[in-house]
Amino acid sequence: MSQHVLQPLLAPRSIVILIGDDPQDPLMLAFLASLSDVEKSAPVTLVGERLNTWTPFPIVATLDALTTSPDLAVLVGSVAKGSMAHVITQCGQAGIGSLLMMSWTDESPEVLHAALREHNVRLLGPNSFGVCRPKQGIFAWLGATQPLPGRLALLSQSGTVASALVDWATWQGIGFSQVVSMGTPVDVKPSQILDYLSTDFDSQAILMYLQGIGNPTRFLSSLRATGRSKPVAVVTEHSMGADERVLDAALSRTGAVRGRRLNDLIAAASVMTNARRVKEGSLLIIGNGAGPSELAAQRAMELDIELLIPDGALQKKLENTMAGRGGIGPVTTVWASCANDVFIDLAANALSHDECGAVLLTLSPTALLNIDSLYDLITRLHRTQKKLVMVCLLGGGNMTKLRTRINEAGIPTFRTPETAIEGFQFLVQFQRNQLLAKQSPDSHAFRFKIDVSKATKTLNQLRNERDNALREDLLKDVFALFHIHLTSRRQASHLLSAPIHLCVFQDTVFGPVMGLSLQGAHWHHQTEAVALPPLNTILAKDLIKRAFPGEESFELEGLLRNISTMVCELPDIESLALSDVRLHESGRVYAEVNVTLRSSVGMRRYEHLAIHPYPRQWVSELTLKNGDTATVRPVLPRDSGILADFVRGLSHETRYFRFLSNFSELTPRMLTSLSHIDYDREIALLAVIKRNDQDVLIGTARYIDNFDDQSCEFAIVLGDEYQGLGLASYLMRQLFRVAVDKGIRVMSGIVLSENKRMIDFCKRLGFSIKRDEDDLEQVIATITLTPKDSFD
C-alpha cells in the first residue's frame, strides 16, 4: 500500500511554521516557546518576518526561499481578513500538501474548500490545538504538557479536553502514539483521521472526544473498520443531536465503547493498551481495608457488574489461605497487618477456579505495605496468569510511583476504586460490542427473492391515493412480500409472555431505527430497546435480550429480521408502529399497524441507512476457461481461514508482487483487516470454488477509498494455477461496477516495475501507467471510471 494521504499531516518528517502578520501574536509566541523546550527529530523552519525574541529555529522570509518542500505547514499566527485562500495557494505552489491551522479565519468553508481542492492541500482546523507524534519528536501543539511516547492514540475535537487528558495521563505514566486536536473540521473529518489511525501500527488503542461526527454512514464505517482491529473508546458531547439510545446502539455496532464522562476515558486509558480479555466468570475484589473495596463494590452494583461470591471448594481454599486474617465474600478483605503475599496468594487461588474471571486488588498505603516487594509479586502474578489482573493503588507519593511502574509492566492500574470498576466495565462492554461489530447482516431481499419493486409500487400507490391514510388490504400485501403475514384475529393465546410494541422511527442523525418494548411501555422513553438495521439472528437476539431479559423467541427473531429487511429495502417508510403484537403458532402476526410514508425519489440503494447491509447484489457466478464454476462474492468475516490458506499457497513471486513484501503467512491483524471490512468504504471480491464440499479461494480483487469521495486504490491477486482463465478481467470489471455505483471516479494501484504481466494486464483494461516519482521500482496504474455499460 502507498503512504496514507494524511501521513504528512499527522506524522510529518519536516515542518514549516507560518508566523503570520503579527510577530508579537501571543498564540504564536506561546507555541514557539513550547516547541523550543522539546527535543525534535523533524526539522523546523520559520517563515515570515523576523522575530523580536530568540528562537532556535532558522527563519526565511517566504515559502519561495525554502530549498525543499516540507511535509507540513503550521499556521499559528493571525492573518489578514480574507487572506486564508492566499495562504493555501502559497502552500500548494511550494509543494506543501498539508496545513495545520491553529488560528481562526472568517472565510467561509466553501471558499476554503475551493482553494484546498485547487491546490491539493489538506487542512486540519481552523482553531486546532495541534498534533503530536512523541516517538518521532513531533510536538506541534498548544497543550501545557508534552505527551510521553506510548501506544495510545487520542483524537479530540476539543483542545482543552485533549490537553487535560494528556496532562493526567503523563502524571499516570501513560504515553501516546498520536495526539490530534481537530478544532473545526472544515476539511479533514474525524472519519478520515480514524482511517489513518486504523492502519497506524504504533497506535494500539484509540481514545476519542467528539462534538460532531459529520456524515454518519462514513463515520460509522470508519469507526467500524478501526474498532474491529483495535480498542476504541468514545466520549461525546451530549448525544450530538441523536437520540441517546440510538447513539449507544450505533456505536455498539462498530465495536467501540461509549463513555458518558471524561472519567470514562480515563478509566478506558488505563486498560486499553494493557488489559487481557475478560474470561468467563465473575470479578473478585480483594483489598487491605473494607472502605475502598466497598466503594468498588458499590460502583459495580450501579453498573450491574456481577461480583463473585466464593462458595464450595473455592471458599474453602480462600479460607485456608486467609487463615482467619480477614473475611471472604464478593469483597474479600485482608487485615492491613498481613504480609503482601497473602493478597497475591488469594488472587492466584481465586483465578485458578472457573467461576473467577478477574480480580481487582484494592490497596491503600499503610506502614505495613512493602511497596518494593509488592511490585515483584504483582508482576509475577500477572505473568503466571492468563486471566485479567487489575490493581487499584490509592494515595500519592510512593504509591504514585508504584502505579506508574505497574502500568508500564502492562497491568491495568487505577487511582480510585470507582475508575477501576469503570475500566472493567469498559472491557466487558468492548467484548460484547466486538461480537456485534463482526456481524455483516444481509437485508435478505436477494436471498429470499423478494419483489422489492412491487412493494415500492404499492407504497407509491398508497401514498398518492390517500395522503398516508393507508388501505389495510394493500398494506397487508406489502408485509406479505416480506414474509410477514398479518391477521385480524386477536387471539388471547400467543407465543410471547406478553403483547409487545415494535416500531420504526427516524433518528435525526442516524436515520431509520427499530424499537422494541412491552405493549404500553414504549410510552416511557427509557424502556424501549433500540437497534439500527440491518439485523441478523445475533443482532435480533441482542435486541430481544435488552428489551426483555430472559425472553427467547425464534418467531420474534424472524419477525425482527423481516421488519429489518423492509426498512432496508423500502426507504419510503418514514415510520412504522406495530402495537399489541401477538405471534401465533400458525406463523401469523396480529398487530395494530400504523405507517407513514415519504418520497424516496433519487435515493441510491441503502443511502438512507447509517449501516449498509452485506452487498449481496454483487454476488455472481463465472464459468472459467477450464470448466470450473466460481462464485464471486464480497468477503465475509468468516473468510479469514480461506484467505490465510490462499496466501499461504501462493508462490513466492506472486505473494511478493501482491504485497510488495516477503512473508509466508498473514498475521492475525492482517487477516482481520482483510476479512472484517466495512462495505461503505471498501470492497473485497472473492472468487471461490468448491473442492470436496469446502470453499477454496482462487482469486481476490479489492479497493479501498481515499476518503476524497472520488478516488480509490485497488489490488488484485490470483492463485498461480488459476491465472490465464479469464478470472482477473472479470474480477476487475466487477470491481469497476462496484466503484462506479459508489460514485468513485478514479481508481489507481501500485505495481512493481518488474511485474510486466500485471502492467500489460492493466494496459489492456484501459489503465494509464506512469512511474512513481517517490519510488522508481514502482509504477502507478490509473483509470478514470466510466458508466457501468462500458465495462461489459
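Computed from a prediction, not measured in an experiment: that's the story for all the values here.

(A) Quick look at the nonpolar core. In this structure, Tyr703, Phe714, Leu731, Met732, Leu735, Met747 and Phe767 are the most contacted members of the largest nonpolar core, which totals 60 residues. The residues touching Leu731, leaving out its near neighbours within four places in the chain, are Val632, Leu685, Ala687, Gly699, Thr700, Ala701, Ile716 and Leu718. Grouped together as the second largest cluster of nonpolar side chains are 58 residues, Leu6, Ile193, Leu247 and Ala256 included.

(B) The arrangement of helix H5 (residues 159-172) in detail. Across its 14 residues, H5 extends 20 Å between first and last C-alpha, which sits within 8% of the 20 Å expected from 1.5 Å per residue. Every buried residue belonging to H5 is among Gly159, Val161, Ala162, Ser163, Leu165, Val166, Trp168, Ala169 and Gln172, and all of these are buried. Looking one or two places after H5, you find Gly173, whose phi comes out positive at around 80°.

(C) Focus on helix H15 (residues 417-437). With 21 residues, H15 extends 30 Å between its outermost C-alpha atoms, agreeing within 8% with the 30 Å of an ideal straight helix rising 1.5 Å per residue. Within H15, 15 of the 21 residues are buried, leaving the element largely enclosed by the surrounding structure.

(D) Geometry of the sheet that holds strand E19 (residues 413-414). Strand order in the open sheet formed by six strands is E15-E16-E14-E17-E18-E19, with mixed pairing between adjacent strands. Pairing within the sheet leaves two strands with one partner each, and these edge strands are strand E15 (326-327) and E19. Where helix H11 (residues 312-322) meets the sheet, it contacts strand E14 (282-287), E15 and strand E16 (331-334), and its direction lies at approximately 15° from that of E16.

(E) Main features of the pairing of strand E10 (residues 176-181). Of all six residues in E10, six are buried, a share of seventy percent or more. Strand direction decides the pairing type here: strand E7 (residues 130-133) and E10, joined by three bridges, are antiparallel. Counted as the bridge partner of Cys132 is Val179 from E10. With six bridges joining them, strand E9 (residues 149-156) and E10 adopt parallel strand pairing. By the bridge assignment, Ala153 is partnered in E10 with Gln178. Taken together, E9, H5 and E10 form a β-α-β motif whose crossover is right-handed.

(F) Examining the environment of Gln519 more closely. Residue position: Gln519 is located in the loop between strand E22 (511-518) and strand E23 (529-531). In this structure, the C-alpha to C-alpha distance between Gln519 and Arg633, residues 114 residues apart in sequence, is 41 Å. Excluding its chain neighbours within four sequence positions, the residues that come into contact with Gln519 are Pro499, Ile500, His501, Ser579 and Asp580.

(G) Representation of the side chain of Asp572. Mapping Asp572 onto the fold places it in the loop between helix H19 (554-569) and strand E24 (573-583). One polar contact links Asp572 to Ser600, side chain to side chain, over a distance of 3.1 Å. For Asp572, the residues in contact, after removing those within four places along its chain, are Thr456, Leu459, Asn460, Thr596, Leu597, Arg598 and Ser600.

Cut-offs and rules
- Residues numbered from 1 in each chain as written.
- Predicted model: local features only at pLDDT ≥ 70, side-chain atom pairs only at ≥ 80, totals over all residues.
- Heavy atoms only, no water.
- Core = buried A, V, L, I, M, F, W, Y, C linked by side-chain atoms within 4.5 Å.
- Buried < 20%, exposed > 50% of the residue type's maximum accessible area, 1.4 Å probe, protein only.
- Contact = heavy atoms within 4.5 Å.
- Helix = DSSP H or I, 4+ residues; strand = E, 2+ residues; numbered from the N terminus.
- Expected span 1.5 Å × (residues − 1).
- Pairing = 2+ DSSP bridges.
- Axes fitted to C-alpha atoms, helices over the stretch in contact; angles between N-to-C directions.
- Right-handed = clockwise from strand over helix to strand, strands pointing away.
- Polar contact = N/O pair within 3.5 Å; in protein donor to acceptor, adjacent residues only side chain to side chain.

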